[in-house]
Amino acid sequence: MLSASEHTPLLRLTGISKSFGTQVALHPLDLSVARGDFVALLGPSGCGKTTLLRVIGGFLRSDQGRVEINGADVTDLGPEQRPTNMVFQGYGLFPHMTVRENVAYGLKIARVPAEKRNQAVGEILEMMHISGLSDRLPRALSGGQQQRVALARALVMKPSVLLLDEPLAALDLQLRKSMQIELRNLHREIGGTFICVTHDQGEAIGLANRVAVMNAGRIVQEGTPEDIYQRPSNAFVAGFVGESNILSLTRQSGSCRLADNIIPSSGPDGTVAMMIRPDDISLVEVKPAAEISLYGQLTDAVFMGDHVKLIVAAETGDTLTVHRSRQEWQSDPLESGKRVFASWSRDACHILEQS
Amino acid sequence: MTLRAACWLTFGILSAAFLVAPLALVVAFSFGENPHATLPFGNPTLQWYRELFAGDDFLAALQNSAIVTSCVGLLSAVLGTAAAFGFTALDRKLSRLGAQLISLPVMLPPLVLALALATAFSATRIPLGLGTVIPSHLIFTQPFVILIIYARLTAFDRSLIDSARDLGASSLQIFFTITLPLIAPSLIGATLLSMAISLDDFVITFFTIGGGMTLPTLIWGMLRTHLDPTINALGTLVLVLTLGLSVIAFKLTRYKG
């Protein structure tokens, strides 16, 4: 029994689809989430990620497909009957209840005896560092504090899956960064399964141990943050996750041509994309023999704090973005307007089918 | 101050005085000794209030008004809330049409509405009395409650209901623990407003009550038989009650929880 539940995924979606009228929000998709995973559903707005989260939480019924949690079919159950809890984007705190009452609400509905309830609420308030706020009303709290209350209110229910809808979107940058670390720690501490919706690729990569990139109602790639970043499966993922240079090439009988470089690539003839991360490109004055290189002119150098962003207008008409560390740049700066070779190794670039 | 502004100010003060003067006179006469309700007022006295409260007619009318007002308040609150919830479930176009339909009785001249009701009751042989006054009042107090609650519900944060569902609450539990406490100020305000309108109504009551009296119809009766300052005392009482209810009502409905 125990070994069986270890191997079946905690959450399994099969063939989930959803349309609103004629608009397709989700094309049939599958997703498995293992116990203890922190999954980020990442995508631009309108890609269906929130719809998917709401289907998992039971707020929306999918048109087709099955939702299984812990091996049980919950497709037809509403959110009140699912072992999931959600932290809403606007937090959804009850304005007429104090922090303590907000957090105790679910347990009270579940008729947990007062003594046990108070203990559980006390513990979770402690854990979220909001014990001192327990008698305040939500309107007397800052955004970050409200966020903690919303988390506490969901976590006190000990959900099998915790759903987070853009959990950090409403916070300012500093708070977002510290809350991100805190969410990671929280996940590690309680060992739960989290699913988080975000449009911020930095957040997805920084928070999750698995990322599902979504576009136009489909999951276009799923994998670890490293996979997604280093081995994007198509041009959309490459463009959406991290900064990248994407060059359009034509493949003909097994090789692509970029200026005077010939890059072998198997696949059907047609247009493909070449993706190179800005930190994989170096700028040199002498054309390197073994590498792929484009001749061009440095048009701008933008100081970004921890790195310098260089813009190169290449001979092919493409614009390349190149990153250099601050130290490197200070020891060896280049003048704007200088003619250089932008070069990168074969391993650093990926040929992607146009999605 | 320019001449123009001065003219407007004078006009404003005169208009206000014109509107308030009769009310002020009624109140003033009710506390004056002069039995003909003419100037001068005479010495201040509570004599007319004492006489008013000594009369059986007044107590009966007060009782009837109390019954009608509280029933109308309670029923408006319950039915109005139910109807407002119904409207929020409809799509925008339908709910707008519904709101217009339900507001029709308010736009009709009260006399026409009263005649229509009286005709309907006599045609269906329903005996007139408080049992006909209450539903008749509901017809024109209801729209206010529905519109106020509907406005509150459309501004209601849906994520609160989603949160409560997510935490395991049933629809009924959500209504009593989340929705009702949050719309309570609007609901109480709307109820008091409907009570003020009901308490104050003469025309509809007159046509649908048959033999009995409420405070406004009592005033009418007294006017026909004898003109003495007890009428002013009664008028003042009705004025204070309706104004009081309305003031509380407006305060509450404007409260943003």
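Nothing here was measured: the structure is a model prediction, and the numbers come from that model.

Rules of the game
Residues numbered from 1 in each chain as written. Chains lettered and ligands numbered in written order. Predicted model: local features only at pLDDT ≥ 70, side-chain atom pairs only at ≥ 80, totals over all residues. Heavy atoms only, no water. Helix = DSSP H or I, 4+ residues; strand = E, 2+ residues; numbered from the N terminus. UniProt positions renumbered as here; feature names shortened; annotations may be inferred. Buried < 20%, exposed > 50% of the residue type's maximum accessible area, 1.4 Å probe, protein only. Pairing = 2+ DSSP bridges. Contact = heavy atoms within 4.5 Å. Buried area = accessible area lost by both parts, 1.4 Å probe. Salt bridge = Lys/Arg side-chain N within 4 Å of Asp/Glu carboxyl O. Polar contact = N/O pair within 3.5 Å; in protein donor to acceptor, adjacent residues only side chain to side chain. Nonpolar A, V, L, I, M, F, W, Y, C, P; charged D, E, K, R; others polar.

(A) Molecular detail of the environment of B:Pro22. By the element assignment, B:Pro22 lies in helix α1 (residues 3-30). The spatial distance from the C-alpha of B:Pro22 to the C-alpha of B:Ser198 is 22 Å, given a sequence separation of 176 residues.

(B) Up close: the UniProt feature "domain: ABC transmembrane type-1" (unreviewed entry) in chain B. The sites that carry the UniProt feature "domain: ABC transmembrane type-1" (unreviewed entry) are, in the present numbering, residues 62-249 of chain B. Between the C-alpha atoms that bound residues 62-249 of chain B the distance is 22 Å, and the span itself is 85% helix and 0% strand.

(C) Expanded view of the pairing of strand β18 (residues 319-325) of chain A. Of all the 7 residues making up β18(A), 5 are buried; the element is thus mostly covered by neighbouring parts of the structure. Once strand β17 (residues 307-314) of chain A ends, the chain turns through 4 residues before running back antiparallel as β18(A), passing A:Gly317 with a positive phi of about 95°.

(D) Main features of the interface of chain A and chain B. Taken residue by residue, the interface counts 22 residues in chain A and 17 residues in chain B. Buried area between chain A and chain B, both sides added, is near 1,700 Å², and the carbon and sulfur share of it is 59%. The three residues of chain A that bury the most area against chain B are A:Glu80, A:Tyr105 and A:Ile109, which together make up 30% of that side's buried surface. Between chain A and chain B we count 2 salt bridges in total. A salt bridge links A:Arg54 to B:Asp162, with the shortest nitrogen-to-oxygen separation between them at 2.8 Å. Here chain A and chain B share 8 residue pairs in polar contact (both at pLDDT 80 or more) between them. Elements that contribute at least two residues to the side of chain A that touches chain B include exactly β6 (84-87) and α3 (99-109) of chain A. Class assignment for the residues of the side of chain A that touches chain B results in 12 nonpolar, 6 polar and 4 charged.

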